[in-house]
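These are the residues of each chain, in order.
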Amino acid sequence: MQSYSEKFQKEIIKYLRISILSVLTLALILVVWLEVASFKDENTLLKSQSQNNVERWFEEKVGILDSFMSYINYDTNMLDDYDATQKYLEAAAKEHTDLLSAYVGSPSLKTKMICNDNWIPEDDYVVEDRDWYTGATERNGLFVSEPYVDATYGNLCITISKPIKDTDAVMGIDITLTTL
């Protein structure tokens, strides 16, 4: 027959085992919870960094458009000189590898468009029917297109355009999204 102290020792050992298992279980739960919380924090940080990267990328592209426009706004008579404007757009576009094209469009230009690649539209081309033109003039500011596949290059891209002040012209750039 077991003595009272032996029974007591067995009970203590049983409770110690249960206590140790409980503590280990709680410790494991705490570690998992901390890992999940850490993962969520890292995920939130990555989302924030990605959003900041996209915003910086976009601001850089708008800056390219603004620099083109500053040059043209500086000398609005430039729009009357097709060759000078085309050569400027061609040279400026070569500086930016993610720029598919740069152009100025206006119903009052005799060619309707002046493009960096020297493309001249057909006679039935109506500048005012183009989203990049109407979007910029209706908002009297920045227009950004939905992403689309460029027909000439086959790249996924967007168009960013703005009206040129004191004219009926709009400046636009097509930017490939591959660098994004």
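Scroll up a little and you will see the structure.
These figures come from a predicted structure and were not determined experimentally. (Residues numbered from 1 in each chain as written. Predicted model: local features only at pLDDT ≥ 70, side-chain atom pairs only at ≥ 80, totals over all residues. Heavy atoms only, no water.)

(A) A look at the overall build of the protein. Scanning the protein from terminus to terminus reveals three helices and six strands. Taking 16 Å as the expected radius of gyration for a compact globule of 180 residues, we find that the protein reaches 32 Å, considerably beyond that expectation. Reported as C-alpha extents along the three principal axes, the dimensions of the protein are approximately 115 × 30 × 30 Å. Pairs at least 24 apart in sequence give 53% of the contacts found in the protein among residues at least 6 apart. On the protein, roughly 12,200 Å² of surface is accessible, and the fraction owed to carbon and sulfur atoms is 56%. Charge separation in the protein, taken as the distance between the mean sites of 16 positive and 29 negative side-chain charges, equals 17 Å. (Helix = DSSP H or I, 4+ residues; strand = E, 2+ residues; numbered from the N terminus. Rg over C-alpha atoms; globule rule 2.2 N^0.38 Å. Contact = heavy atoms within 4.5 Å. Areas by Shrake-Rupley, 256 points an atom, 1.4 Å probe, with all protein chains shown as cover. Lys, Arg positive; Asp, Glu negative; His and termini not counted. Charge placed at Lys NZ, Arg CZ, Asp CG, Glu CD.)

(B) Just helix H2 (residues 82–94), in detail. Look at H2: 18 Å from first C-alpha to last across 13 residues, which is about the 18 Å you get at 1.5 Å a residue. Taken together, the buried positions of H2 are occupied by Tyr82, Thr85, Gln86, Tyr88, Leu89, Ala92 and Ala93. Projection of H2 onto a plane perpendicular to its axis shows the buried side chains occupying an angular sector of 160°, all on one side. Among the exposed residues of H2, those pointing more than 90 degrees away from its buried face are Asp83, Lys87 and Lys94. (Expected span 1.5 Å × (residues − 1). Buried < 20%, exposed > 50% of the residue type's maximum accessible area, 1.4 Å probe, protein only. Arc of directions from axis to C-beta.)

(C) How the structure looks around a nonpolar patch on the surface. A contiguous nonpolar patch, built from Phe8, Ile12, Leu16, Ile20, Leu21 and Leu24 and spanning about 590 Å² of accessible area, is present on the exposed surface. Structurally, the position occupied by Phe8 is in helix H1 (residues 4–74). (Patch = residues over 30% accessible without salt bridge, like charges linked within 9 Å, V, L, I, M, F, W, Y side chains within 5 Å. Salt bridge = Lys/Arg side-chain N within 4 Å of Asp/Glu carboxyl O.)

(D) The arrangement of the packing of aromatic side chains in detail. One pass over the full model with this rule turns up five aromatic pairs. Seen in terms of ring centroids, Phe68 and Tyr88 are 5.9 Å apart; in terms of plane orientation they differ by 85°. Their pairing is edge-to-face. Remark: Tyr88 occurs in helix H2 and Phe68 occurs in helix H1; sequence separation between them is 20 residues. Across the pair, Tyr88 and Phe68 agree in class, each one buried. For the ring pair Trp119 and Tyr125, a centre distance of 5.5 Å and an interplane angle of 80° mean the geometry is edge-to-face. An aromatic cluster is present here, built from Phe68, Tyr71 and Tyr88 joined pairwise through their rings. (Phe/Tyr/Trp six-rings, centres within 6.5 Å; stacked < 30°, edge-to-face > 60°.)

(E) Structural context of the nonpolar core. Of all hydrophobic cores here, the largest spans 27 residues; its most connected members are Phe68, Val104, Ile164, Met171 and Ile173. Where this core is concerned, the elements lending two or more residues are H1, H2, strand E1 (99–105), strand E5 (156–163) and strand E6 (170–176). Among the elements that line this core, the one with the most residues is H1, at seven residues. Counting residues in hydrophobic clusters, the runner-up holds ten residues, among them Tyr103, Met113, Val127 and Ala136. (Core = buried A, V, L, I, M, F, W, Y, C linked by side-chain atoms within 4.5 Å.)

(F) Summary view of a negative patch on the surface. A contiguous patch of negative charge on the surface is contributed by Asp75, Asp80, Asp81 and Asp83. Considering the arrangement of structural elements, one finds Asp81 in the loop between H1 and H2. The class for Asp81 is partly exposed, based on a relative accessible area of 38%.

(G) Region of interest: the pattern of salt bridges. For the structure on display, the rule yields four salt bridges. Measuring nitrogen to oxygen at the nearest pair gives 2.5 Å for the salt bridge that ties Asp98 to Lys61. Separated by 37 residues along the polypeptide, Asp98 in the loop between H2 and E1 and Lys61 in helix H1 bring together distant segments of the chain. In this pair, the class of Asp98 matches that of Lys61, namely buried. A cluster of three or more residues bridged by salt bridges with shared partners is formed by Glu60, Lys61 and Asp98.

(H) Representation of unusual backbone geometry in the model. The residue Lys112 is not glycine, and still its phi comes out positive at about 70°. Examined against the element boundaries, Lys112 turns out to sit in the loop between E1 and strand E2 (113–115). Despite not being glycine, Asn118 shows a phi value in the positive range, around 65°. Along the chain, Asn118 turns up in the loop between E2 and helix H3 (131–139).

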